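Here are the chains, one letter per residue:
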Amino acid sequence: MRASDRQARLKRAKELGRLAFDMLRFEDLVGNITVDGEQKQFREFAQRGLSGSLLTPFRPTRLEEFSRIQIRHLGHKVLEIRWSKAGDFRLVTFEPGEWVELLEHVANVF
């Protein structure tokens, strides 16, 4: 994959991640869970075959503590992004498909 294609793919994944984040941050808190030894606040949504979850630090005291967004379409993980306040960013999974249009539609209705 060419560098310009990778950059375009990363840019698109970040756009979709921001859209998902804007939706998920207003969802009710489901609870607190421990992931990779860290306490996280857990929020989620599920609509029309699309589901998403947001994990954020319970007490964000360490800059390296991660946050995560996961989006699933019909049970299959299609987007996962991790980041921290320290500036770390990692695109774990991004599989473009019909879910993108569905996410954009659901976000606009939201």
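Quick summary incoming for the structure in this document. (Residues numbered from 1 in each chain as written. Predicted model: local features only at pLDDT ≥ 70, side-chain atom pairs only at ≥ 80, totals over all residues. Heavy atoms only, no water.)

Attention shifts here to helix 1 (residues 3–24). If you check helix 1, its first and last C-alpha atoms are 31 Å apart, about what 22 residues at 1.5 Å a residue would give, namely 32 Å. Among all positions of helix 1, only A13, L16, G17, A20, M23 and L24 are buried. Taken around the axis of helix 1, the buried residues stretch over an arc of 115°, which confines them to a single face. Pointing more than 90 degrees away from the buried face of helix 1 are the exposed residues Q7, K11 and R18. Contact partners of the buried residues in helix 1: strand 2 (38–47), strand 3 (50–57), strand 4 (66–73), strand 5 (76–84), strand 6 (89–94) and helix 2 (98–109). (Helix = DSSP H or I, 4+ residues; strand = E, 2+ residues; numbered from the N terminus. Expected span 1.5 Å × (residues − 1). Buried < 20%, exposed > 50% of the residue type's maximum accessible area, 1.4 Å probe, protein only. Arc of directions from axis to C-beta. Contact = heavy atoms within 4.5 Å.)

Once that is clear, we can look at the environment of I71. Within the fold, I71 resides in strand 4. Its relative accessible area of 0% is what places I71 among the buried residues. For the pair I71 and E27, spaced 44 residues apart in sequence, the C-alpha to C-alpha distance is 14 Å. With residues near it in sequence (within four places) discarded, I71 still touches A20, F45, L50, S51, G52, H76, K77, V78, L79 and W99.

Turning to helix 2, a few remarks are in order. Relative to the 16 Å expected for twelve residues at 1.5 Å per residue, helix 2 spans 17 Å between its end C-alpha atoms, a close match to the ideal helical length. Of the surrounding secondary structure, the elements contacted by the buried residues of helix 2 are helix 1, strand 2, strand 3, strand 4, strand 5 and strand 6.

Shape is all these values report; function is a separate question.
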